[in-house]
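Residue-level listing of the chains:
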Amino acid sequence: IMRSGVMVRLLLTSEGEFKAPEKVTLKMMHPTRAGFDQVVELVSEGGGFYSGQLKEDVGGRWNISIEDADGSWRLQGEWKAGDDNHLKVTARPSK
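The rules we used
- Residues numbered from 1 in each chain as written.
- Predicted model: local features only at pLDDT ≥ 70, side-chain atom pairs only at ≥ 80, totals over all residues.
- Heavy atoms only, no water.
- Pairing = 2+ DSSP bridges.
- Helix = DSSP H or I, 4+ residues; strand = E, 2+ residues; numbered from the N terminus.
- Salt bridge = Lys/Arg side-chain N within 4 Å of Asp/Glu carboxyl O.
- Buried < 20%, exposed > 50% of the residue type's maximum accessible area, 1.4 Å probe, protein only.

Participant: Would you mind going over the pairing of strand E4 (residues 38-46) with me for this structure?
Facilitator: The two faces of a sheet get side chains in turn, since along a regular strand they alternate between them. Of the pairings in the sheet, the one linking strand E3 (residues 23-29) to E4 comprises six bridges and is antiparallel in character. Bridge assignment links lysine 23 to a residue of E4, and that residue is valine 43. Sheet analysis places E4 next to strand E5 (residues 49-53), joined by three bridges and oriented antiparallel. Each residue of the ladder has a partner; that of glycine 46, found in E5, is phenylalanine 49. Here E4 folds back onto E5 in antiparallel fashion, the turn holding two residues, of which glycine 47 has a positive phi close to 65 degrees.

Participant: How should the pattern of salt bridges be read in this particular structure?
Facilitator: A side chain of one charge can pair with a side chain of the opposite charge when the charged atoms of the two come close. Going through the model one piece at a time under the given rule, you end up with six salt bridges. Its salt-bridge partner being arginine 9, residue glutamate 45 comes within 2.8 Å of it at the nearest N-O pair. Separated by 36 residues along the polypeptide, glutamate 45 in strand E4 and arginine 9 in strand E2 (residues 7-11) bring together distant segments of the chain. For glutamate 45, a relative accessible area of 43% gives the class partly exposed. Relative accessible area serves as the criterion here: at 35%, arginine 9 is assigned to the partly exposed category. Note that glutamate 67 is salt-bridged to lysine 27, the shortest N-O span being 3.6 Å. Of the two residues, glutamate 67 is situated in strand E6 (residues 60-68) and lysine 27 in strand E3; the sequence distance between them amounts to 40 residues. Since its relative accessible area comes to 15%, glutamate 67 is described here as buried. Look at lysine 27 and you get partly exposed, because its relative accessible area is 29%. When salt bridges with common partners are traced through the structure, they connect Lys27, Glu67 and Arg74 into a single cluster.

Okay, here's the thing in structure tokens:
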């Protein structure tokens, strides 16, 4: 996840076969202030890139969830949102 102001960009890659969805959902949950939580729809730009817009600018620590519309997969991580702080989340195979 990369951010510039309220604009958010995501790059999804895969080492295996993967059909990229047209849209993914980014859920940003503030660890102590639920009123700051945001849900952002990210739309495919092609080449694995997705983009969307936050409701308002963010800073500090966030719990992140990225998932497809069908709910068949989800990536989770923790992100310290800052202009130079990018988040990389790696998928682990399900058991």
